[in-house]
Amino acid sequence: DGDSWLEFRRVLFRSEEVMREIKFRAWNKNKSCMIYLDETYPKSKYKLEFEIFNGFNLTLMEMTNRENVYYKDGEGTYIEHFEPVESVIMQYIGLKDSNKNKLYEGDIVKIEDYFGDDIIGRVIYDETTAGYVFHKGNERNYFQMTLDLESYVYYVIGNIYENTELLEEVMETH
């Protein structure tokens, strides 16, 4: 029956463990500020728009005008005009740091290793491994961000756009 099939699929695909929250944030290059998904339309004048016909791109859009429109019967509505914003879109990677802060592409993270040394790096998407990696300076010096990271103590200490001084420190690390 239908319930058995759903239970079989749930067990087979372990959907409650595989699914993760899909979230985005965007660095607004024009205004030098970070826009988080929970700060988008209708809570603010920003929204993310998904283009299915042009390479599956996400674009940050900003409301530039809102016009009230009234009908003959007196009822009204409004028309909103949005324009694309020059931005960098970053995805939540599905992990949280030791303080339960969500990790996004572009975050700068401090990891405390077993010997008490701090390792600082940035979160990037690596096409070679098809996953997110912790990048510490040069291209040969990184490791995969996986659930195994939970055995470490690590914190988001900034991001590459709002904390450029930290990015410089990351890039000098060898």
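Residues numbered from 1 in each chain as written. Predicted model: local features only at pLDDT ≥ 70, side-chain atom pairs only at ≥ 80, totals over all residues. Heavy atoms only, no water.

**Some details on the sheet that holds strand E3 (residues 46-51)**
Okay, so step 1: Judged by pairing direction, the sheet is antiparallel, and its three strands sit side by side in the order E3-E4-E5 without closing on themselves. Edge positions in the open sheet fall to E3 and strand E5 (76-84), since each of these has one partner strand only. On average, each strand axis in the sheet is tilted by 45 degrees relative to the strand beside it, whichever way the strands run.
Okay, so step 2: Where E3 lies against strand E4 (residues 57-70), six bridges are found, and the strand directions are antiparallel. Its bridge partner being in E4, Phe50 is matched across the sheet by Leu58. (Pairing = 2+ DSSP bridges. Helix = DSSP H or I, 4+ residues; strand = E, 2+ residues; numbered from the N terminus. Axes fitted to C-alpha atoms, helices over the stretch in contact; angles between N-to-C directions.)

**Digging into the nonpolar core**
Okay, so step 1: Formed by Ile93, Leu95, Leu103, Val109, Ile111, Val123, Tyr132, Phe134 and Tyr154, the largest nonpolar core amounts to nine residues.
Okay, so step 2: Breaking this core down by element, the ones donating at least two residues are strand E6 (87-96), strand E8 (107-112) and strand E10 (131-135). (Core = buried A, V, L, I, M, F, W, Y, C linked by side-chain atoms within 4.5 Å. Buried < 20%, exposed > 50% of the residue type's maximum accessible area, 1.4 Å probe, protein only.)

**As for the environment of Tyr70**
Okay, so step 1: For Tyr70, the position within the fold is in strand E4.
Okay, so step 2: On the basis of relative accessibility, which here comes to 60%, the residue Tyr70 falls in the exposed class.
Okay, so step 3: In this structure Tyr70 touches Glu75 and Gly76, once residues within four positions along its chain are discounted. (Contact = heavy atoms within 4.5 Å.)

**Some words on the sheet that holds strand E1 (residues 24-28)**
Okay, so step 1: Spatial strand order, E2-E1-E6-E7: four strands in an open sheet with antiparallel pairing. The open sheet has two edge strands, strand E2 (33-36) and strand E7 (102-104), and neither has a second partner. Averaged over neighbouring strand pairs, the angle between their axes works out to 35 degrees when direction is ignored.
Okay, so step 2: Across four bridges, E1 lies against E2 in antiparallel orientation. Bridge pairing links Arg25 to Tyr36 in E2.

**Overview of the packing of aromatic side chains**
Okay, so step 1: By the definition in use, this model includes four aromatic pairs.
Okay, so step 2: For the pair Trp27 and Tyr161, a centre-to-centre distance of 5.4 Å together with 15 degrees between the ring planes defines the contact as stacked. Of this pair, Trp27 sits in strand E1 while Tyr161 sits in the loop between strand E12 (153-159) and helix H3 (164-172); the two residues are 134 residues apart in sequence, bridging distant segments of the chain.
Okay, so step 3: Overall, Tyr161 belongs to the partly exposed group, its relative accessible area being 25%.
Okay, so step 4: Pairwise contacts between aromatic rings join Tyr36, Tyr92 and Tyr104 into one cluster. (Phe/Tyr/Trp six-rings, centres within 6.5 Å; stacked < 30°, edge-to-face > 60°.)

**Details of the pattern of salt bridges**
Okay, so step 1: As enumerated under the stated definition, the model contains seven salt bridges in all.
Okay, so step 2: In this structure, Lys45 engages Glu62 in a salt bridge whose closest nitrogen and oxygen atoms are separated by 3.0 Å. Remark: Glu62 occurs in strand E4 and Lys45 occurs in the loop between E2 and E3; sequence separation between them is 17 residues.
Okay, so step 3: Residue classification places Glu62 among the buried residues on the basis of a relative accessible area of 14%. (Salt bridge = Lys/Arg side-chain N within 4 Å of Asp/Glu carboxyl O.)

**As for the pairing of E4**
Okay, so step 1: Between E3 and E4, which follow one another and run antiparallel, lie five residues, and Gly55 among them has a positive phi close to 80 degrees.
Okay, so step 2: Across nine bridges, E4 lies against E5 in antiparallel orientation. Bridge pairing in E5 links Arg66 to Glu80.
Okay, so step 3: What sits between E4 and E5 in their antiparallel hairpin is a turn of five residues, with Gly74 showing a positive phi close to 95 degrees.

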